[in-house]
Amino acid sequence: MKQFFSDFSKLIKFRLTFLVVFSASITFLIAQRIQISRDMIEWINWENWLILIVGGFLVTGAANCFNEIIEVDLDKLMTRTKDRPMPAGRMTTGQGLVSGLVMGIVGTWLLGKLNLETGLLSVFSILLYAFAYTPLKRKSPIAVFVGAIPGALPPLIGYFAGLGNEGIQFVLPKDSPQVDLQIALILFLIQFVWQFPHFWSIAWVLDEDYNKAGFRLLPTKKRDKGSALFTFVSTLILIPVSLLPTFYGFGGYYIAGASIILGLLFSWYAYQLVVKQDLASARKVMFCSFFYIPLVQLILLFDLVV
């Protein structure tokens, strides 16, 4: 039984799946709080929140499962992936396919129950991650740009899910304090820009392992000053982007201050990577990226201007 849970955790990439679901669940609560402020709902719908968590968990797990089916022979070559259930021979690709299909269908059905947009976005995220990003990883660094789109969809999915059965309100009264589509896209944009230093720092740390499978994820395809500069510049771009919630009036000054402090810290570590071009600096950027998004989203949740 212990081996089963260990294999299932590796199959769905549990830590990645957890981060994705966490992001969607927080933006769901942001949408619900905004709906409450407009007197459109009376309280947070915790049942829908749980449906989002379960559905998001299954959909993300399905996307990761399809990714591993496609890359099973490549996973055998890399130290960090060779013990996953399919490359290690503890699960056949047929079993993996069935698992992925079941998770994908059930997860999409659950998310579709919340509203049409949430269900459609979940299907789009699976297709883009598994069948566009995955094959591109061996061809070009452009894969990071493509992968950043499904990677940034969780806050969009979570926000749409938080709007309930009616889904996104594309046209709101002129005196409405916020426009749902605008807020959702800003949340998407912050996570989209964050994906680049996140991806590139991981690619730097794992470059030797990635090379065994022919993955080309660093901007210049190697650990050099150019790749470090791309990473540093992306952290600088993230600072003004992270201030958009305050600029557009749905984030307070606490989130603005926190975004600046966290952004400057992120940029400092990335600058150190430019100067030193070593693994220790890349790891600092990578670990900073793990904490950045959850902290920014949590602080925004509690510092909403509603």
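Residues numbered from 1 in each chain as written. Predicted model: local features only at pLDDT ≥ 70, side-chain atom pairs only at ≥ 80, totals over all residues. Heavy atoms only, no water.

Caption draft 1: Broad picture of the overall build of the protein chain. Helix and strand counts for the protein chain come out as 13 helices and zero strands. At 20 Å, the protein chain has a C-alpha radius of gyration in line with the 19 Å of a compact globule built from 306 residues. By principal-axis analysis of the C-alpha atoms, the protein chain measures approximately 55 × 45 × 30 Å. When contacts within the protein chain are restricted to residue pairs at least 6 apart in sequence, those whose partners lie at least 24 apart make up 76%. Measuring between centres, the 25 positive side-chain charges of the protein chain sit 11 Å from its 19 negative side-chain charges. (Helix = DSSP H or I, 4+ residues; strand = E, 2+ residues; numbered from the N terminus. Rg over C-alpha atoms; globule rule 2.2 N^0.38 Å. Contact = heavy atoms within 4.5 Å. Lys, Arg positive; Asp, Glu negative; His and termini not counted. Charge placed at Lys NZ, Arg CZ, Asp CG, Glu CD.)

Caption draft 2: The arrangement of the pattern of salt bridges in detail. According to the stated counting rule, one finds nine salt bridges in the structure shown. Measuring nitrogen to oxygen at the nearest pair gives 3.7 Å for the salt bridge that ties D73 to K76. Here D75 makes a salt bridge to R84, at a shortest N to O gap of 3.3 Å. This pair shows no difference in class: D75 is buried, exactly as R84 is. (Salt bridge = Lys/Arg side-chain N within 4 Å of Asp/Glu carboxyl O. Buried < 20%, exposed > 50% of the residue type's maximum accessible area, 1.4 Å probe, protein only.)

Caption draft 3: Quick look at unusual backbone geometry. The phi angle at K13 is positive, at roughly 55°, despite the residue not being glycine. Assignment of secondary structure puts K13 in the loop between α1 (2-11) and α2 (14-37). Phi angles above zero are rare outside glycine, and K221 is one such case at about 75°. Along the polypeptide, K221 turns up in the loop between α9 (207-213) and α10 (225-242). According to the relative accessible area criterion, K221 is partly exposed, its value standing at 44%.

Caption draft 4: Structural view of the nonpolar core. Counting 89 residues, the largest nonpolar core has I30, L52, Y159 and Y292 as the members making the most contacts within it. With residues up to four places along the chain from it excluded, the contact list for I30 reads Y159, Q297, L300, L301 and L304. (Core = buried A, V, L, I, M, F, W, Y, C linked by side-chain atoms within 4.5 Å.)

Caption draft 5: Main features of the packing of aromatic side chains. Applying the stated criterion across every chain, the model contains 21 aromatic pairs. With 5.9 Å between their ring centres and 70° between their planes, W200 and F230 make a pair best called edge-to-face. Residue W200 is found in helix α8 (residues 180-205), and its partner F230 is found in helix α10; the two are separated by 30 residues along the sequence. Using a relative accessible area of 47% as the deciding quantity, one classes F230 as partly exposed. Every member of this aromatic cluster is reached through a ring pair, and the members are F145, F188, F192, F196, W200 and F230. The ring of F215 is capped by K137, whose NZ or CZ atom sits 4.5 Å from the centre of that ring. (Phe/Tyr/Trp six-rings, centres within 6.5 Å; stacked < 30°, edge-to-face > 60°. Lys NZ or Arg CZ within 6 Å of the ring centre and 35° of its normal.)

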